[in-house]
Structures are given as structure tokens and as C-alpha cells.
Amino acid sequence: MAGSTTRYLVPLGAFLALAALLFYGLGLDPGKVPSPLVDKPLPAFELESLKEPGKLISSAALKGKVSLVNVWASWCPSCRQEHAQLVRVARESGVQVVGFNWKDERAAALEMLHRFGDPYAMIFYDPTNKVGIDLGVYGAPETFIVDPAGIIRHKRIGPIDDQVWRDEMLPVITKYTPKG
Amino acid sequence: MSPRRLLAPALLAAMIAGGGATAFTLQEFSFDTPAQEQSFRDLTSKLRCLVCQNESLAASQSDLAQDLRKEVYAMMRAGKSQAEITTFLVDRYGDFVLYEPPVKPSTYLLWFGPFALVAISGFFLLRALRRQGTVPAQTLSAADQARIEQLLAASGDPKEPAK
């Protein structure tokens, strides 16, 4: 009877579909919360420069180029892990790498740059998480790709290594880099 | 009861009692009225800490939760409503900061999926039960049928089976 075959196949199929769904879920990282800020303008802000105490720098300084805005802190081990990659990116790709030093101490942050190199064209200093909340930062490292018009095009949560750079970041950067 | 058997209810009671635990002290956040304090407690327990994702903003010890509690407190002191504060956080951190996800197309499956699953299972269950009820009559073999008739005939009136 054809009916009895379907009778066994339907629950089996349903079970396999559920198993596949749950298996897919295992591969997702619940720590990665999608940002509602993607495709929205970078909030305008002004913060003290890490490298030049007392000098205020504005988010408007980012306009005109594709920028990689990297949220980092000297207390964050993953930031240290990705640091060499950022130094390489800044040297080789010509992308403007901008630092956002988050909930850190100036001396410790500068010490880290002194030891491992400084890939940043400028560094915003936000020790009290004043602007971090506006950017929806909830951990370090986080990296935003901001297009020349100041629109956030991508947010990477977690460190950037060579593979992430090639597969995830570079295609977005290429897409928004002005031609010619 | 053995001590081991008493342990589980005791733990459960502790968990229930500890449900409203807060990671801040009222020295940090002072309020003019108890209603204001209650409102602050309500709101922070409905918001999720993004670092320790199974903890509310009220209960989390994380540094970020402390920052966000201060932000929520400052906004409440500035006279912002609960809805305004919630919108502020959702705009920055996404729907994930809410313990109760909003009903919208991307969460329809979450909200209505279980009901759909119950309805579908119910449909198949009813169908299976109904079918089961009719099956024995159909599968009665010719030999059995003949035997029943024989027995009925032997007991006399075929319309009134023997007791």
C-alpha cells in the first residue's frame, strides 16, 4: 500500500528537517548580535584623541574615505590577537584604519601601541563608554566599515584574522571604495 | 526524607527567591519615590545584558551592564518614559536587548510556530484516531464474518445476540 510508505516517510522527513535546523543552529554564535546600525549613518560624536591629550577629534573627520573603525582596548586579549593583522592592513591595503579606544586607560593603551605597532590614522579615546553606547558596542574587539558618506556598511564582532579580512571585510571595502 | 532528597526543593526555593536579585545597590541609584525605584527595577529586569546573555541588566555584574544601568538611570532622572528608554537601547543594540521579542514578521515563527505545530499535530492525531476506529470493521475476513453469522444464528434471534 502506497499510504503506509508515506506514513513512515513523513515523520522521518519531519525529523530530519528538524535535526538539520538544530544542527545549523549549533554553528551559530549567540555572542554575535546583529547590529541595528548597519546601513545607518555613523552617529556624530566628538571625543578626545588618544594620542594627543586635550585635542578633540570629530567623527566628521572620517568622511571621504572608506574607514575601518576598530573598537579596541589594551585589556582585551582578542584585540592583541588581531593587532598584527590591523598593522598589516594599514600598511598594505591603503584603507584608513581608525581606532576607537574603549573603556581603557591612556597609558596602558599607548604602551600597547608602542610595543605592537600603531596602525591607526587617528584614535578616539572613550574611557567612560560615553560614545560606545551610541555605537552599540558591547565588547571588544568590534570593527565597523564606514563608507565615504559616513554610512556604516558592516560590523564585525570578534577579532579579524587574515581569512576574515579576505572573505568578510575586503569585499565590503572594495564595494564602497570610490572608483578612479 | 534523606538529606539528598531535601536538597532539590531547597535549591529550587533558593532559585525562586533569588530570581529578583540585583547587582547594584541603592546607594548608587537613589530615587525620590518608591514608585520610581520600582519602575527602575522593572525596566532593568526586562532588559538583557549583552555580555552575559542570560542575565538581565538588573542582575548582571558585567561592566557594560553597569554602564547601561547608569545610562537608564540618567534617562529616568531626566524624565524619559520607559518606552523612550527602551527605544533608545533598541536603536543601538537591537531587539536582542529585550527579553520579550516584539511581534513582527521576522519573529512570527517564534511567536506562532508552537501554535501551528500543535494545530498540525492535532490534525494528524485526529485523523489517525478516526481511521483507527473504522479499520477493524473493514479488515474482518470472510471466514470471521461467516463464523459470527453462524454464532448469531445458533443463539436464535440474529438481531439479539446472546448474553
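Only a predicted model underlies this, so the values are computations on that prediction, with no experimental measurement involved.

(A) Quick peek at the overall build of chain B. For chain B, the helix and strand inventory stands at six helices and zero strands. Along the chain direction, N to C, the helices and strands of chain B fall in the order α-α-α-α-α-α. Relative to its full complement of 163 residues, chain B shows a buried share of 15%. Contacts in chain B between residues at least 24 apart in sequence constitute 40% of all its contacts with a sequence separation of at least 6.

(B) Main features of helix α2 (residues 34-46) of chain B. Residues and elements named next belong to chain B. Here α2 contains 13 residues, and its C-alpha end-to-end distance of 18 Å stays within 8% of the 18 Å for a straight helix at 1.5 Å per residue. All buried positions along α2 are accounted for by F40, L43 and T44. Projected onto a plane normal to the axis of α2, the buried residues spread over an arc of 95° and lie on a single side. Opposite the packed face of α2, turned more than 90 degrees from it, sit the exposed residues P34, A35, Q38 and D42. At its buried positions, α2 is contacted by α3 (63-77) and α4 (82-93).

(C) Representation of the nonpolar core within the structure. Counting residues in hydrophobic clusters, the biggest one holds 54 residues, and the most contacted among them are W102(A), I145(A), V146(A) and L50(B). Broken down by element, the residue count for this core peaks at five residues, all from α3(B). Apart from the residues lying within four places of it in its own chain, the contact partners of L50(B) are V33(A), Y138(A), L64(B), Y93(B), F96(B) and V97(B).

(D) Looking closely at the pairing of strand β5 (residues 122-126) of chain A. Residues and elements named next belong to chain A. Where burial is concerned, most of β5 is hidden: four out of the five residues are buried. Of the pairings in the sheet, the one linking strand β1 (residues 46-49) to β5 comprises two bridges and is antiparallel in character. Residue pairing in the sheet places E48 in a bridge with Y125 of β5. Bridge count for strand β4 (residues 96-102) against β5 is five bridges, and the pairing is parallel. From the neighbouring strand, N101 faces β5, where its bridge partner is Y125. Note on the crossover from β4 through helix α3 (residues 106-116) to β5: the handedness is right-handed.

(E) Here's a closer look at unusual backbone geometry. All names here are of chain A. Note the cis peptide between A140 and P141, where omega equals 0°. As for its position among the elements, P141 is in the loop between β5 and β6 (142-146). The backbone of D39 sits at a positive phi, close to 70°, despite the residue not being glycine.

(F) Just the interface of chain A and chain B, in detail. On the side of chain B, twelve residues touch chain A, which itself brings twelve residues to the contact. Its residues assigned to classes, the side of chain A that touches chain B comprises six nonpolar, four polar and two charged.

(G) Local environment of helix α6 (residues 142-154) of chain B. The end-to-end C-alpha distance of α6(B), which contains 13 residues, comes to 18 Å, matching closely the 18 Å that a straight helix rising 1.5 Å per residue would cover. In terms of burial, α6(B) is a largely surface element, zero of the 13 residues being buried.

(H) The arrangement of the packing of α2(B) against α3(B) in detail. All names here are of chain B. Two numbers describe how α2 lies on α3: the axes approach to 11 Å, and their chain directions differ by 140°. The angle between α2 and α3 falls in the class oblique. The handedness of the crossing between α2 and α3 is right-handed. Here F40, L43 and T44 of α2 come into contact with α3, specifically with R69, V72, Y73 and M76.

(I) Summary view of the environment of R77(B). For R77(B), the location among the structural elements is in helix α3. C-alpha separation for the pair R77(B) and F31(B), spaced 46 residues apart in sequence, amounts to 8.6 Å.

(J) A look at the sheet that holds β1(A). Residues and elements named next belong to chain A. Spatially, β2-β1-β5-β4-β3-β6-β7 is the arrangement adopted by the seven strands of the open sheet, whose pairing is mixed. What marks the edges here is a single partner per strand, and that holds for β2 (56-58) and β7 (152-157). If you compare each strand with its neighbour and ignore which way they point, the axes differ by 30° on average.

What counts, and where the lines are drawn
- Residues numbered from 1 in each chain as written.
- Chains lettered and ligands numbered in written order.
- Predicted model: local features only at pLDDT ≥ 70, side-chain atom pairs only at ≥ 80, totals over all residues.
- Helix = DSSP H or I, 4+ residues; strand = E, 2+ residues; numbered from the N terminus.
- Buried ≥ 20, exposed ≤ 12 C-beta atoms within 10 Å, placed from the backbone.
- Contact = placed C-beta atoms within 7 Å.
- Expected span 1.5 Å × (residues − 1).
- Arc of directions from axis to C-beta.
- Core = buried A, V, L, I, M, F, W, Y, C linked by C-beta atoms within 7 Å.
- Pairing = 2+ DSSP bridges.
- Right-handed = clockwise from strand over helix to strand, strands pointing away.
- Nonpolar A, V, L, I, M, F, W, Y, C, P; charged D, E, K, R; others polar.
- Axes fitted to C-alpha atoms, helices over the stretch in contact; angles between N-to-C directions.
- Parallel < 35°, antiparallel > 145°, perpendicular 65-115°, else oblique.
- Left-handed = near helix turned anticlockwise from the far one by under 90°.

The analysis is restricted to geometry; functional conclusions fall outside its scope.
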